[in-house]
Amino acid sequence: MTDLRIQKITANIGARVSGADITRPLDEETVAALREALNVHKALAFDAEGLDDEGQQAFARHFGDLTTAHPTVGAVEGAPNVLPVDSERGRAANHWHTDVTFVLNPPQASTLRSITVPPYGGETLIASSAAAYRDLPEPLRRFADTLWAEHTNDYDYAVPDEEIDEEQAAQRAQFTSIKYRTVHPVVRVHPLTGERGLFVGGFAQRIVGLSPGESRKILDLLQAYVTRPENILRWRWSENELVLFDNRITQHYAVDNYDRAPRRLHRVTVAGDVPVGIEGKESYTIEGDASHYTSVSG
């Protein structure tokens with residue numbers, strides 16, 4: 001195994017990894033050590049000098065099968081597993097979310113690689129939903145344990161129509177070109193660690209059995225624990241870096257604070273399992289087939 005060094009960045013989330021050349025194939029011992037570090041720290045940052053799209057996909061495959069780029073949004077040309085996260089294609093990621101939770105089995109892990117970095121701003125915030133769950137007062141934790149939420153890619157963005165230009169309208173139409181509705185446990189049990197985390201975020205729109213208004217109040221209350229500053233890694237990008245995060249037990253947010261400067265990352269995600277709640281019940285689909293997007297990991 002290479003001489004791996006894992007340096008914590010904050011108490012609750014994040015570590016910087018050195019001593020591993022991720023531009024080359026990794027041996028099984030190194031991959032196992034990285035998996036364990038990801039279980040502990042939730043988000044890992046690497047130097048990615050010399051890494052291209054092919055190399056990013058090869059690195060991500062160490063952790064499982066890849067998804068395609070996205071269920072509805074186009075991939076990088078010639079690389080169907082790579083999603084361009086480009087300021088010129090809109091800034092829809094500046095809300096707290098877990099990737100693609102509107103499908104039955106969202107990705108288990110996501111990798112982001114910096115290509116073009118603005119001169120200031122453009123950070124990615126990553127929050128630990130495990131720390132958020134631990135922060136809940138006991139009565140609220142017991143309540144959250146019982147809840148299920150419907151996640152969808154088709155919802156009211158609360159942006160007045162007059163503020164949406166033609167390009168933004170076209171992007172939204174593409175994003176919702178296949179409508180997905182999936183019900184997940186609000187408290188998800190991590191399949192590798194057994195940790196519990198709040199599985200909510202921007203695509204969670206309604207608590208099963210409650211009205212939209214009641215749902216919003218409860219989701220906002222739980223979300224406030226996820227986004228406590230103590231639970232957040234604020235990653236300031238330099239060029240040629242890669243961040244790997246556990247999509248099962250984190251949320252993230254792309255900060256739109258870089259004026260109109262260009263910003264481009266490439267995202268590759270690893271296929272995930274079907275979420276399970278504390279009683280062992282699995283998530284279920286109401287609407288939308290994502291078989292073209294992802295296999296189900298074992």
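Residues numbered from 1 in each chain as written. Predicted model: local features only at pLDDT ≥ 70, side-chain atom pairs only at ≥ 80, totals over all residues. Heavy atoms only, no water.

Named according to an unreviewed UniProt entry, the protein chain is TauD/TfdA family dioxygenase originating from Streptomyces adustus. In its Sequence similarities (unreviewed entry) section, the UniProt entry covering the protein chain states "Belongs to the TfdA dioxygenase family." According to its UniProt record, the protein chain has this under Cofactor (unreviewed entry): "Fe(2+)". (UniProt positions renumbered as here; feature names shortened; annotations may be inferred.)

(A) How the structure looks around the pairing of strand β2 (residues 15-18). What you see with β2 is a clean split: A15 and V17 sit on the buried side and R16 and S18 on the side with no burial. Sheet topology places strand β1 (residues 5-8) next to β2; four bridges connect them, and they run antiparallel. Bridge pairing in β2 places Q7 opposite R16. Between the end of β1 and the start of β2, which pair antiparallel, lie six residues, with G14 showing a positive phi angle near 100 degrees. After leaving β2, the chain enters helix α1 (residues 28-41) and then returns to the sheet as strand β3 (residues 43-47), a path that is right-handed. (Buried < 20%, exposed > 50% of the residue type's maximum accessible area, 1.4 Å probe, protein only. Helix = DSSP H or I, 4+ residues; strand = E, 2+ residues; numbered from the N terminus. Pairing = 2+ DSSP bridges. Right-handed = clockwise from strand over helix to strand, strands pointing away.)

(B) View of the sheet that holds strand β4 (residues 83-86). Read from one edge to the other, the open sheet built from seven strands follows the order β1-β2-β3-β13-β5-β15-β4, with strand pairing classed as mixed. Edge positions in the sheet fall to β1 and β4, since each has one partner strand and no second. Direction aside, the axes of adjacent strands within the sheet are offset by 25 degrees on average. Where β3 meets strand β13 (residues 241-246), five bridges bridge the pair, whose relative direction is antiparallel. Across the sheet, residue A45 finds its bridge partner in β13, namely V243. Running at roughly 130 degrees to β3, α1 makes contact with β1, β2, β3 and β13 of the sheet. (Axes fitted to C-alpha atoms, helices over the stretch in contact; angles between N-to-C directions. Contact = heavy atoms within 4.5 Å.)

(C) Fine view of the sheet that holds strand β14 (residues 250-254). Spatially, β12-β6-β14 is the arrangement adopted by the three strands of the open sheet, whose pairing is antiparallel. Strands with a single pairing partner mark the edges of an open sheet, and in this sheet they are β12 (232-235) and β14. The average undirected angle you get between the axes of adjacent strands in this sheet is 20 degrees. In this structure, strand β6 (residues 124-128) lies alongside β12, joined through four bridges in antiparallel fashion.

(D) How the structure looks around the pattern of salt bridges. Counted according to the given criterion, the structure contains 18 salt bridges. A salt bridge links D3 to R5, with the nearest nitrogen and oxygen atoms 3.1 Å apart. Look at D3 and you get exposed, because its relative accessible area is 54%. Salt bridges linked by common partners bring E150, R181, R206 and E287 together as one network. (Salt bridge = Lys/Arg side-chain N within 4 Å of Asp/Glu carboxyl O.)

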